[in-house]
Amino acid sequence: MIWILPIAGLGKRTLNRGRFKPLIIVSGKPLLQWALHGIRHEIQKEDSLIFITTKAFENEFYVKKAIEGILSKEVIMNKYRVFLAPDTPPGPAASVYTAKDALMTKDPCTVINCDQYIIFDIKRELDEKGGYLPLYFGLSPSSSYAIIEGGRVKRIVEKDPVSHYASSGVYGFGSGEWLLRALEWQLDSGKPLNGEYFVGPAMNYLIDSGGIVYPTTTFAKFDLGNENGIQRFSTLMNETVGV
């Protein structure tokens, strides 16, 4: 499994806490560390990780060194690579595409939004053009939503609650090659949403190509990409572990 964490966005909703969202401190840890803390027990010895940021963030915040330190603290000893986009990509799908040279593989891939603390059910056994999508009950218009039929994901729609099955911001692909094809299809569509391309709708390419995308369970999810979510998470941490 290749774990892919795009961290190239501008983080406009948390600018009051810092200019580079993955390194803002939440309950004593950088936000990126909380994301890795949630998934560290799912990362197996043979897995690898990919991080995508921008040259500007690397120059200002020494992102590569920060990632090295965070992985060490979480005792994640796996191989990893950091890709630098020349400019801010237009959305998460474009960020992931920056790592296209590493995606030409038959290994399965999971793309995960880093601005959250999440625990979810992973599905490793997939057809190369299949996928999995952790879901939770949602109502917010800021999420992507899945239509489920016969125990399978039939369609994913961004920022439109066509159901109550909200994406948890985790997108599993049966192979890097099919992730790359799906991203290229998404980017070639020329139909960004509010100027951004998102990974969720790219999974429709798998479905349209005959692949099976399975819904899986989200056990816990805290959105750390906005002030309200950070406050709720910090309150919980203070009450339970005294952070």
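Figured I'd write up the structure that's included with this text. (Residues numbered from 1 in each chain as written. Predicted model: local features only at pLDDT ≥ 70, side-chain atom pairs only at ≥ 80, totals over all residues. Heavy atoms only, no water.)

### Focus: the overall build of the chain
Here's step 1: Looking only at helices and strands, the chain has 7 helices and 13 strands in total.
Here's step 2: Each principal axis of the C-alpha distribution contributes one length, and for the chain these read about 45 × 35 × 35 Å.
Here's step 3: Buried residues in the chain amount to 51% of all 243 residues.
Here's step 4: Within the chain, counting contacts between residues at least 6 apart in sequence, those at least 24 apart form 75% of the total.
Here's step 5: Here the chain carries 27 positive and 26 negative side-chain charges, and the mean point of each set is 2 Å from the other. (Helix = DSSP H or I, 4+ residues; strand = E, 2+ residues; numbered from the N terminus. Buried < 20%, exposed > 50% of the residue type's maximum accessible area, 1.4 Å probe, protein only. Contact = heavy atoms within 4.5 Å. Lys, Arg positive; Asp, Glu negative; His and termini not counted. Charge placed at Lys NZ, Arg CZ, Asp CG, Glu CD.)

### As for the packing of helix 5 (residues 176-188) against helix 6 (residues 199-208)
Here's step 1: Remark: helix 5 packs on helix 6, axes separated minimally by 8 Å, with the N-to-C direction vectors making an angle of 115°. Taken together, the axes of helix 5 and helix 6 are roughly perpendicular relative to one another. Crossing handedness for the pair helix 5 and helix 6: right-handed. Each of Trp178, Arg181, Ala182, Leu183, Trp185 and Gln186 in helix 5 lies in contact with helix 6, whose residues at this interface are Pro201, Ala202, Asn204, Tyr205 and Leu206.
Here's step 2: Each residue belonging to the contact of helix 5 with helix 6 can be placed in one class, and the counts come to 8 nonpolar, 2 polar and 1 charged. (Axes fitted to C-alpha atoms, helices over the stretch in contact; angles between N-to-C directions. Parallel < 35°, antiparallel > 145°, perpendicular 65-115°, else oblique. Left-handed = near helix turned anticlockwise from the far one by under 90°. Nonpolar A, V, L, I, M, F, W, Y, C, P; charged D, E, K, R; others polar.)

### Thoughts on the nonpolar core
Proteins that are soluble and globular tend to have nonpolar side chains buried together.
Here's step 1: Grouped together as the largest cluster of nonpolar side chains are 36 residues, with contacts concentrated most on Trp3, Leu5, Leu32, Leu36, Leu49, Phe51 and Phe120.
Here's step 2: Of all elements in the fold, only strand 1 (2-6), helix 1 (31-39), strand 4 (48-54), helix 3 (63-73), strand 7 (116-120) and helix 7 (227-240) reach the threshold of two or more residues within this core.
Here's step 3: Of all the elements, helix 1 adds the most residues to this core, at 6 residues.
Here's step 4: Leave out the neighbours within four places in its chain, and Leu49 touches Trp3, Leu5, Leu36, Ile43, Leu71, Ile76, Asn78, Lys79, Tyr80 and Arg81. (Core = buried A, V, L, I, M, F, W, Y, C linked by side-chain atoms within 4.5 Å.)

### Side note on the pattern of salt bridges
Here's step 1: Under the definition given, this model contains 9 salt bridges.
Here's step 2: One salt bridge in this structure joins Arg19 and Glu60, with 2.5 Å as the shortest N-O distance. With Arg19 in the loop between strand 1 and strand 2 (25-26) and Glu60 in helix 2 (residues 55-61), the pair connects residues that are 41 residues apart, well separated along the chain.
Here's step 3: A salt bridge links Lys106 to Glu177, with the nearest nitrogen and oxygen atoms 3.2 Å apart. Of this pair, Lys106 sits in the loop between helix 4 (92-97) and strand 6 (109-112) while Glu177 sits in helix 5, placing them 71 residues apart in sequence. (Salt bridge = Lys/Arg side-chain N within 4 Å of Asp/Glu carboxyl O.)

### Topic: the environment of Gly131
Here's step 1: If you trace the backbone, Gly131 turns up in strand 8 (residues 131-137).
Here's step 2: In this structure Gly131 comes out as buried when scored by relative accessible area, which is 0%.
Here's step 3: C-alpha of Gly131 to C-alpha of Gly169: the two residues are 38 residues apart in sequence and 14 Å apart in space.
Here's step 4: Residue contacts for Gly131: discarding those within four places in its chain leaves Leu126, Gly172, Phe173, Gly174, Met203, Leu206, Ile212, Val213 and Tyr214.

### Regarding helix 1
Here's step 1: With 9 of 9 residues buried, helix 1 lies mostly within the body of the structure.
Here's step 2: Listing the buried residues of helix 1 in full gives Leu31, Leu32, Gln33, Trp34, Ala35, Leu36, His37, Gly38 and Ile39.

### A short note on the packing of helix 1 against helix 3
Here's step 1: The interhelical angle for the contact between helix 1 and helix 3, taken along N-to-C directions, is 40°, at an axis separation of 10 Å. It follows that helix 1 is oblique to helix 3 by the angle criterion. When the axes of helix 1 and helix 3 are compared, the crossing they make is right-handed. On helix 3, the residues touching Leu32, Gln33 and Leu36 of helix 1 are Ile67, Ile70, Leu71 and Lys73.
Here's step 2: Class assignment for the residues of the contact of helix 1 with helix 3 results in 5 nonpolar, 1 polar and 1 charged.

### Quick look at the side chain of Gln186
Here's step 1: Relative to the helices and strands, Gln186 is located in helix 5.
Here's step 2: With a relative accessible area of 8%, Gln186 lands in the buried category.
Here's step 3: Filtering out sequence-adjacent residues up to four positions away, Gln186 remains in contact with Ala93, Tyr197, Phe198, Pro201 and Ala202.

Fair warning: the whole summary comes from geometry, so function is off the table for now.
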